[in-house]
Amino acid sequence: MDLAAELTSLLGPDAMRTGDAIGPYLTDSTEMQGLVGRADAVVAPADVDAVRNVVAWCYERGVPIVPRGGGTGFSGGAVPVDGGLVLSLERLDRVLSFEPELWRMQVEAGVRTATIHRTARGSGLLFPPDPGAGEQSMIGGNIACNAGGPHSFKYGVTGAWVTGIEAVVAEGRLIRVGGPLRKDVAGYDLRSLLVGSEGTLGVVVGAWLRLLPAPAAAIPVAAAYADEQAGVAALERVYAFGLVPATLEYLDEGAVDATRGAFPGGLPEEARFLVVAEADGTIEGASALAAELAEAFADGAVMVRTMQSPAEVAALWRWRGGVTFGVEAQMGGKMSEDIAVPFDRLGEAIAMAREVGRAHGVRACSWGHAGDGNLHATFMIDRASPDQITSAAEAASDLFARTLELGGTVSGEHGLGWVKRGQFDVQFGPAEAALQRSIKALFDPKGLFNPGKKIPPAPAS
Ligand code: LAC
Ligand code: ZN
């Protein structure tokens, strides 16, 4: 029997993706770098048992497995770069339980992030992680990438909201780590290991999520500055004044220019740097915090705007979700990174990203999650120009080296995936890299889960 026939008999015809239907499974949002994979088969199993069966089948035959959620990642993690089987979790799309009075939800991996937000909201609860692309991205992928987003500043990243995980690991075994438990220190923290493992240790098939009562009010305060130093100083005052907004975002000049037309209510012409915080809490608490933020932002600002109406707030976050696409539209392509530095090095990192672009002759800009020191340092390129792609790639490797000098990390949010795997041995010293490789080998002795992603083969010594 050939591969397709065997898989059809194992999983049923509904699980098979063939012909033109395969195309969308070969890329992710890294597409602008021309990354298109090839798969020996694409399957979407109907349930957890079917995932177990197909993983067991792959493990017996030595077939690589590329787990896939919504395919909105920025690092090529879900792209089958070298064949194997794409295992889509799209049909595991059930909310298994939702207990609003207990602030928790149990979901399958293929539930869309926006469905989780809406379900929680409908009962006055909040699932805080908001990595963007909510209608396409799936919770399993968010967990596999430990996705962040603007609201991580106050609430933490996805992993902070996952109390339990069900995963299919080597040989098709099902493990359950944690559960609807808010505490668990009984063993090594396998839950945290699976969170952010980018499909390299196993396949996340389900999770228990914890929720919070939703704040009654969320009031964004945006401020614009004519120069970057004034903007960075304003961000630093938020820390210094002890204010805790839900988000603390920034855009530098290039990012402002790429998106100013769409900013709700417009921006003054002299705006070269933008900060956006959101005060949330009770109605009184959020209003008081918004006023304090406006005060912290005032010095040197050319605009301070507090947004009150739900329509304006929705428009603001819609605009924010589109920043990455607005920047990409500038030249038709971009290489966008997600470095993170300690907060006190943020100003230097923003300036450094631009300098690195200048040194390599590519237009650069950055925006991102200022409060978390997390920058989307970006090189804007014409994707049809091989020279520009080369220059941007060289600029990116300089950017990574300079980030490490600032005490930072090459990835604060999007993961190493395929495109940044080369940074693994740059960031980690030999002892730490060896420990990480041992963990991979322990979970995946045959090296079949998302091979080549995140952890590349050890360099020859
Ligand atoms: C953002 C995405 C790209 O923050 O992570 O815009
Ligand atoms: Zn981001």
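Per chain, the residues get numbers from 1 upward, laid out in the order the sequence is written. For naming, the first written chain is A and the first written ligand is 1, with later ones following in the order written. Side-chain atom pairs in this predicted model are given and counted only at pLDDT of 80 or more, local residue features only at pLDDT of at least 70, and totals for whole chains, interfaces and linings cover all residues. Water and hydrogen atoms play no part in the side-chain values, which are based on all heavy atoms of the structure.

1. Observations regarding the coordination of the zinc ion (ligand 2)
Donors, by definition, are the N, O and S atoms found within 2.8 Å of a metal, the threshold being 3.2 Å for Na, K and Ca, and water is not counted, so a site can look incomplete. Each protein donor to the zinc ion (ligand 2) is listed here as His369 (NE2), His376 (NE2) and Glu413 (OE); together their distances run 2.0 to 2.1 Å. Positions of the donor residues of the zinc ion (ligand 2) along the chain correspond to the pattern H-x6-H-x36-E. A residue pair is termed long-range when its members are at least 10 positions apart, and His369 in strand S18 (residues 367-369) and Glu413 in the loop between helix H13 (386-405) and helix H14 (424-427) qualify at 44 residues. For His369, a relative accessible area of 4% puts it in the buried group. Segments assigned H or I by DSSP are reported as helices when at least four residues long, segments assigned E as strands when at least two residues long, and all are numbered from the N terminus. When accessible area is computed with a 1.4 Å probe and restricted to protein chains, residues below 20% of their type maximum are described as buried, those above 50% as exposed, and intermediate ones as partly exposed.

2. Structural notes on a nonpolar patch on the surface
Together, Tyr188, Leu190 and Leu193 make up a nonpolar patch on the protein surface, roughly 340 Å² of accessible area in all. Position of Leu190 among the secondary structure elements: in helix H6 (residues 190-194). What makes Leu190 partly exposed here is its relative accessible area of 33%. Each patch is built from residues that are more than 30% exposed by relative accessible area and take part in no salt bridge. Like charges join if they lie within 9 Å; nonpolar side chains (Val, Leu, Ile, Met, Phe, Trp, Tyr) join within 5 Å. Here the accessible surface of atoms and residues is derived via Shrake-Rupley with a 1.4 Å probe, and residues count as covered only by protein chains that are part of the display. Think of a salt bridge as a Lys or Arg side-chain nitrogen and an Asp or Glu carboxyl oxygen that are within 4 Å of each other.

3. Quick look at the sheet that holds strand S15 (residues 301-306)
Pairing between two strands is assigned when DSSP locates at least 2 bridges connecting them. An order of S15-S12-S14-S13-S18-S19 is seen for the six strands of this open sheet, with the pairing classed as antiparallel. Sheet topology places S15 and strand S19 (374-375) at the edges, where each strand pairs with a single neighbour. By the bridge criterion, two bridges tie strand S13 (residues 247-251) to S18 in an arrangement that is antiparallel. Bridge pairing in S18 links Leu251 to Trp367.

4. What to know about the pattern of salt bridges
The tally for this structure, following the rule as stated, stands at 23 salt bridges. Ionic pairing is found between Glu348 and Arg345, a salt bridge with its closest N-O pair at 2.8 Å. With a relative accessible area of 40%, Glu348 lands in the partly exposed category. Here Arg345 falls in the partly exposed class, since its relative accessible area comes to 26%.

5. Thoughts on the site of ligand 1
Residue proximity to a molecule or strand is established when one non-hydrogen atom of the residue lies within 4 Å of it. Ligand 1 sits among Phe74, Arg320, Trp367, His369, His376, Glu413 and His414. Within the side chain of His369, a nitrogen or oxygen atom sits 3.1 Å from an oxygen atom of ligand 1. Interatomic distance of 2.9 Å between a side-chain N/O atom of His376 and an oxygen atom of ligand 1. Here ligand 1, which alone exposes 220 Å², has 89% of that area covered by the protein. Grouping the amino acids of the shell around ligand 1 by side-chain chemistry returns two nonpolar, three polar and two charged. In protein, a polar contact requires one atom able to donate a hydrogen and another able to accept it; more generally it is a pair of N or O atoms within 3.5 Å, and residues adjacent in sequence count only if both atoms are side-chain atoms. Nonpolar residues are Ala, Val, Leu, Ile, Met, Phe, Trp, Tyr, Cys and Pro. Charged residues are Asp, Glu, Lys and Arg, and all others, Gly as well, are polar.

6. Concerning the sheet that holds strand S17 (residues 363-365)
Across the sheet, three strands lie side by side as S16-S20-S17; this open sheet has antiparallel pairing. Every interior strand has two partners, whereas the edge strands, strand S16 (333-336) and S17, have only one. The mean inter-strand angle of the sheet, taken between neighbouring strand axes irrespective of direction, is 25°. Bridge count between S16 and strand S20 (residues 378-381): four bridges; the pairing is antiparallel. By the bridge assignment, Gly333 is partnered in S20 with Ile381. In this analysis, two residues are considered to be in contact whenever any of their non-hydrogen atoms come within 4.5 Å of each other. Fitted lines through C-alpha atoms give the axes, limited to the stretch in contact for helices. The angle between two N-to-C directions lies from 0 to 180 degrees. Sitting on the sheet, H13 touches S16 and S20, and the angle it makes with S20 is about 175°.

7. Points about the pairing of strand S5 (residues 95-99)
In this sheet, strand S6 (residues 104-108) lies alongside S5 in antiparallel orientation, the contact comprising four bridges. Bridge pairing links Val95 to Val107 in S6. The turn joining S5 and S6, which pair antiparallel and follow one another in sequence, is formed by four residues; a positive phi near 55° is taken by Trp103.

8. Looking at the packing of helix H12 (residues 346-359) against H13
Running from N to C, H12 and H13 point in directions that differ by 150°, and their axes come no closer than 9 Å. It follows that H12 is roughly antiparallel to H13 by the angle criterion. As for how H12 packs across H13, the hand of that crossing is right-handed. Of the residues in H13, those in contact with Met352, Ala353, Glu355 and Val356 of H12 are Ala395, Asp398, Leu399, Arg402 and Thr403. Any angle from 65 to 115 degrees is called roughly perpendicular, while one under 35 is roughly parallel, one over 145 is roughly antiparallel, and all others are oblique. For a crossing to be left-handed, the near helix must be turned anticlockwise from the far one by less than a right angle; the clockwise case is right-handed.

9. Quick word on the environment of Asp372
Structurally, Asp372 is set in the loop between S18 and S19. The exposure class of Asp372 is partly exposed, given its relative accessible area of 34%. Sequence separation between Asp372 and Asp40 is 332 residues; the distance between their C-alpha atoms is 40 Å.

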